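# Architecture at a glance
In case you want the letters, here they are:
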Amino acid sequence: MSPSSLRVAKRLKSIKVSPILTLSQRARDLRAAGRDIIDLTVGEPDFDTPDDIKAAAKAAIDRGQTKYTALNGAPELLAAIAERMIDRGMNLADQSIIACAGAKQVISHALEATLEDGDEVILPAPYWTSYLDMVRLKGGEPVAAPGRHDPRSGWRLDARAIEAAITPRTRWLILNTPNNPTGVAATDEELAAVADVLRRHPQVWLMCDDIYEDLVYGRRARPLLVSHPDLAERALAVNGASKAY
Ligand SMILES: Cc1ncc(COP(=O)(O)O)c(C=O)c1O
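Residues numbered from 1 in each chain as written. Predicted model: local features only at pLDDT ≥ 70, side-chain atom pairs only at ≥ 80, totals over all residues. Heavy atoms only, no water.

## Examining the overall build of the chain
Keep this limit in mind: Helix numbers and strand numbers start at the N terminus; a helix is a DSSP run of H or I with at least 4 residues, a strand a run of E with at least 2. Between buried and exposed lies partly exposed: a residue is buried under 20% and exposed over 50% of the maximum accessible area for its type, with that area taken using a 1.4 Å probe on protein chains only. Any pair of residues with heavy atoms lying within 4.5 Å of one another is described as a contacting pair. Working definition of accessibility: Shrake-Rupley area with a 1.4 Å probe, residue cover restricted to the visible protein chains. By the counting scheme adopted, Arg and Lys are positive, Glu and Asp are negative, and His together with the chain ends is not counted. Taken as the charge centre is NZ of Lys, CZ of Arg, CG of Asp or CD of Glu, depending on the residue.
Assigned secondary structure in the chain consists of eight helices and seven strands. A principal-axis box enclosing the C-alpha atoms of the chain has dimensions of 50 × 45 × 45 Å. Buried residues in the chain amount to 36% of all 245 residues. Long-range pairs, those at least 24 residues apart, make up 67% of the contacts in the chain between residues at least 6 apart in sequence. Roughly 15,400 Å² of accessible area belongs to the chain as shown, and the carbon and sulfur atoms make up 56% of that amount. Across the chain, the 31 positively charged side chains and the 33 negatively charged ones have centroids separated by 6 Å.

## A look at a nonpolar patch on the surface
This is how the line gets drawn: Candidate patch residues must exceed 30% relative accessible area and have no salt bridge, after which like charges are joined if within 9 Å and Val, Leu, Ile, Met, Phe, Trp or Tyr side chains if within 5 Å. Salt bridge, as used here, is a side-chain nitrogen of Lys or Arg placed within 4 Å of a carboxyl oxygen of Asp or Glu.
Together, L6, V8 and L12 line one region of the surface with nonpolar side chains, adding up to about 270 Å² of accessible area. Inspection of the secondary structure assignment puts V8 in the segment before α1 (19-32).

## Comments concerning helix α2 (residues 51-62)
Rules: Helix span, as expected, comes to 1.5 Å for every residue beyond the first.
Over its twelve residues, α2 extends 16 Å from the first C-alpha to the last, a length consistent with the 16 Å expected when each residue adds 1.5 Å. Looking one or two residues beyond α2, the residue adopting positive phi is G64, at roughly 90°.

## Side note on the sheet that holds strand β1 (residues 120-124)
To keep it simple, the criterion reads: At least two bridges found by DSSP between two strands are what make those strands a pair. Working convention: axes come from line fits to C-alpha atoms, limited for helices to the stretch in contact. Angles between N-to-C directions cover 0 to 180 degrees.
The sheet built from five strands is open, its strands ordered β2-β1-β5-β6-β7 with parallel pairing. Edge strands, defined here as strands with exactly one partner in the open sheet, are β2 (141-145) and β7 (235-238). Direction aside, the axes of adjacent strands within the sheet are offset by 20° on average. Here β1 pairs with strand β5 (residues 170-176) via three bridges, running parallel. Counterpart to E120 in the pairing with β5 is T170.

Structural data, given as structure tokens:
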């Protein structure tokens, strides 16, 4: 196809190149030019994939496990995820677990499956910039709920700002703790205040992006859905292997 005959869809106009990836390319360019750069852009730990994981992946390929799996994911994988969730205090029926190619794909599909044009999605700020583009691509409206800045511990989750952002068009609240980009993990008290807000607004669903849950140094809060299981039936817990492993 010649470049002149390529016409991109109108909905792509609503999104921009990720600022994170732009900055990460800039860090790579500066490093290539000989500068000593510490790159804090992409959420990627600096340790190598552990040897036992590498060996298991190679062995699986050698066994021929390179084919399509069952629709929701290989049953052994779903069972392992269920076991891990039980370890974390969440007892889920196997049918409610689905494996995708990364957390981003889960979030993207969930928004695609649920948003009508103009539906609003609340993003407690600061937030991972990709949420913005995913919501817009599915026809939704991202609505920022500003965090509360504490001079000692940084940007905190603010349940009052979240409640103020709710309208009759609000479909989802996306909660990301520990947070990208701040690294701040919400406390049990902050999560309880958010749970109370959700109880007052039963039309709002909860997406818990827990992808950084294993990268906590110090005391770890209980995941919101463990402390507040009454919210589980309108919640989607998102996790993945890209950060911790
Ligand atoms: C908050 C957050 N959620 C999800 C993802 C994407 O995870 P995955 O690589 O598993 O798609 C990232 C990656 O940077 C992230 O920072």
